[in-house]
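Coordinate analysis (summary)
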Amino acid sequence: MLATSKRLLAPTDEDGLGQGKIELVRYVPGAPGPDPWSPPAEPSREVTTLDGVARGVGKELVGLPVETGGQIVATDLVVLVAPWGGAYGPGWVLEVDGLPVTVLRVRNIPEAGITCSIQFVARR
């Protein structure tokens, strides 16, 4: 199932059904300054390109609670990606076609066994 998921979520130029550009963005804190009173170096931006698709949330998700507090609303997005072997969680930032969205909820598919895809619910 994992191979099938990766093949289907690959970009269209690789004969998959993936849409747009989806990236996981993480800012790594900069090194501390040479002295305690010196500011740290600027954080570096790490970007991981993901294969996947994005769409609006379905009515079955609207109103569900999210890990960061609050609930899913009709204007949120569902982003389905192929696993890439990295870490992820609520509060992280994805960029969908260059626009940042904040991850509210994460679900591995299937929820037990080998993860074949990852479903993010994110807010613009």
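Details of the structure are given in the entry above.
The present account deals with the structure reproduced in this document. Fair warning: this is a prediction, and the values are worked out from it, not measured in the lab.

Looking only at helices and strands, the protein features 1 helix and 7 strands. Taken across its 124 residues, the protein has 31% of its residues classed as buried. Partitioning the intrachain contacts of the protein with sequence separation of at least 6 by distance along the chain shows that 52% fall at a separation of at least 24. When the accessible surface of the protein is split by element, carbon and sulfur atoms take 57% of a total near 7600 Å².

In this section: the pairing of strand S5 (residues 93-96). With 4 bridges connecting them, strand S1 (residues 22-28) and S5 associate as antiparallel partners. Along S5, the bridge assignment pairs Val25 with Val93. As defined by bridge partners, S5 adjoins strand S6 (residues 99-109) across 4 bridges and the pair is classed as antiparallel. Pairing of Val93 across the sheet is with Thr102, part of S6.

Let us look at the sheet that holds strand S3 (residues 52-56). On the basis of which strands lie adjacent, the open sheet formed by 7 strands has the order S2-S1-S5-S6-S7-S4-S3 and antiparallel pairing. Because the sheet does not close on itself, it has two edges, and the strands there are strand S2 (44-50) and S3. Going from strand to strand, the sheet's axes swing by 35° on average, the running direction of each strand aside.

Here the focus is the environment of Lys59. Its place among the elements puts Lys59 in the loop between S3 and strand S4 (77-81). Here the alpha-carbon distance between Lys59 and Ile72, two residues 13 residues apart in the chain, equals 9.9 Å.

Take the environment of Gln19 next. Residue placement: Gln19 occurs in the loop between helix H1 (2-9) and S1. Judged by its relative accessible area of 47%, Gln19 falls in the partly exposed class. In this view, Gln19 contacts Gly52, Val53 and Ala54; residues no more than four positions away in its chain are not counted.

Calculation notes
- Residues numbered from 1 in each chain as written.
- Predicted model: local features only at pLDDT ≥ 70, side-chain atom pairs only at ≥ 80, totals over all residues.
- Heavy atoms only, no water.
- Helix = DSSP H or I, 4+ residues; strand = E, 2+ residues; numbered from the N terminus.
- Buried < 20%, exposed > 50% of the residue type's maximum accessible area, 1.4 Å probe, protein only.
- Contact = heavy atoms within 4.5 Å.
- Areas by Shrake-Rupley, 256 points an atom, 1.4 Å probe, with all protein chains shown as cover.
- Pairing = 2+ DSSP bridges.
- Axes fitted to C-alpha atoms, helices over the stretch in contact; angles between N-to-C directions.

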